[in-house]
Amino acid sequence: MLRTVKAGKETIEYELIQTARASLQLRALPDRLRLFAPKNYPLRQADQFVRDRADWIRQARAQLDAYRDREAERFPMTDGMSVPLEGRQWTLRLETAPRRSARFEDGVILLRAPDISPDAVRGQLRDALIERARARIEQRLAHYIPLIGRRPGRVTIREQRTKWGSCSSKNNLNFNWKLIMAPPEALDYVVVHELCHLYEFNHSAKFWERMARYQPDYAVWRDFLRSGWAHPYN
Ligand SMILES: [Zn+2]
């Protein structure tokens with residue numbers, strides 16, 4: 001539920017998410033502010049909670065803006081720029097066209113759109129990469145599920161700031177779409193890793209033994225992802 005509060009001269013919009021939880025948590029995401037609250041939490045108190053944190057919200061936003069500016073400088077989103085994808089560099093090509101479309105072919109990402117300004121292109125490229133990540137992750141799951149022998153619950157592809165993937169106690173799996181930028185083996189590592197958690201909900205020796213059955217050189221890709229390899233696109 002979207003809500004708006006006034007804090008002095010400022011108007012703050014936030015998304016209220018009520019779940020089975022005991023406390024409040026406010027999170028500033030690049031595109032929105034979210035307040036997680038217990039079910040049936042009084043709306044006026046939720047609004048007040050946000051209002052009381054106006055200073056924090058301002059700071060968090062300034063940091064996110066600065067981050068975005070730095071990214072924009074590094075990735076100017078121009079025709080001919082190079083985009084890391086599946087472990088290699090692709091070339092971005094831009095064309096104006098009446099409708100938005102994206103094509104991946106021979107190391108070229110061709111984006112067509114009525115608006116090819118940097119901001120529009122950034123969003124379009126992101127959408128296209130998320131779609132590609134979804135297709136790839138689904139394909140790798142379809143490959144590994146019969147081998148590993150357990151089926152996950154819900155599978156979600158989303159943006160996670162600090163994690164490549166996760167497995168919930170309900171056997172639902174999450175994957176970070178930015179894995180599509182890493183080499184395919186690194187993406188496989190995360191897929192196999194999360195599927196192995198359907199047996200072992202820990203990182204015990206038994207867990208790693210199971211991993212090794214499906215990806216013998218898993219340690220290479222684990223270290224690769226841990227070494228601070230950063231998806232350079234935001
Ligand atoms: Zn794990």
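Predicted model only: the values in this text are computed from it and were never measured. (Residues numbered from 1 in each chain as written. Predicted model: local features only at pLDDT ≥ 70, side-chain atom pairs only at ≥ 80, totals over all residues.)

A. Representation of unusual backbone geometry in the model. With a phi angle near 55°, Glu86 is a residue other than glycine that sits in the positive phi range. One can find Glu86 in the loop between β5 (82-85) and β6 (88-96). At Asn171, a position not held by glycine, the phi torsion is positive, near 70°. For Asn171, the location among the structural elements is in the loop between β10 (165-167) and β11 (173-176). Residue classification places Asn171 among the partly exposed positions, given that 15 C-beta atoms sit within 10 Å. (Helix = DSSP H or I, 4+ residues; strand = E, 2+ residues; numbered from the N terminus. Buried ≥ 20, exposed ≤ 12 C-beta atoms within 10 Å, placed from the backbone.)

B. Up close: the sheet that holds strand β3 (residues 25-28). Ordered by their spatial adjacency, four strands build an open sheet running β1-β2-β4-β3, and the pairing between neighbours is mixed. A single partner strand is all that each edge strand has here, and the edge strands are β1 (2-7) and β3. Each strand axis lies, on average, 30° off the axis of its neighbour in the sheet, ignoring direction. Where β1 lies against strand β2 (residues 10-19), six bridges are found, and the strand directions are antiparallel. The residue bridging Val5 from the neighbouring strand is Ile12, located in β2. Packed onto the sheet, helix α1 (residues 43-52) meets β1, β2, β3 and β4 (33-38) and runs at close to 50° relative to β1. (Pairing = 2+ DSSP bridges. Axes fitted to C-alpha atoms, helices over the stretch in contact; angles between N-to-C directions. Contact = placed C-beta atoms within 7 Å.)

C. Spatial organisation of the pairing of β2. In textbook terms, the turn of a hairpin is the stretch between consecutive antiparallel strands, and for β1 and β2 this stretch comprises two residues, one of which, Gly8, has a positive phi near 65°. Two elements, β2 and β4, share five bridges in a ladder whose sense is parallel. Looking at β4, one finds that Ile17 is bridged to Phe36.

D. Main features of helix α3 (residues 118-148). Look at α3: 43 Å from first C-alpha to last across 31 residues, which is about the 45 Å you get at 1.5 Å a residue. Buried residues of α3: Val121, Gln124, Leu125, Leu129, Ala133, Arg136, Ile137 and Ile148, and no others. Immediately downstream of α3, the backbone of Gly149 shows phi near 90°, a positive value. (Expected span 1.5 Å × (residues − 1).)

E. Just the sheet that holds β11, in detail. Strand order in the open sheet made by the three strands is β9-β11-β10, with mixed pairing throughout. At either margin of the open sheet sits one strand with a lone partner, and together these are β9 (155-158) and β10. The mean inter-strand angle of the sheet, taken between neighbouring strand axes irrespective of direction, is 15°. In this structure, β9 lies alongside β11, joined through four bridges in parallel fashion. Residue pairing in the sheet places Ile157 in a bridge with Phe175 of β11. α3 rests against β9 and β11 of the sheet, and its axis sits at about 150° to β9. Helix-sheet contacts for helix α4 (residues 184-196) involve β10 and β11, and the interaxial angle to β10 is about 10°.

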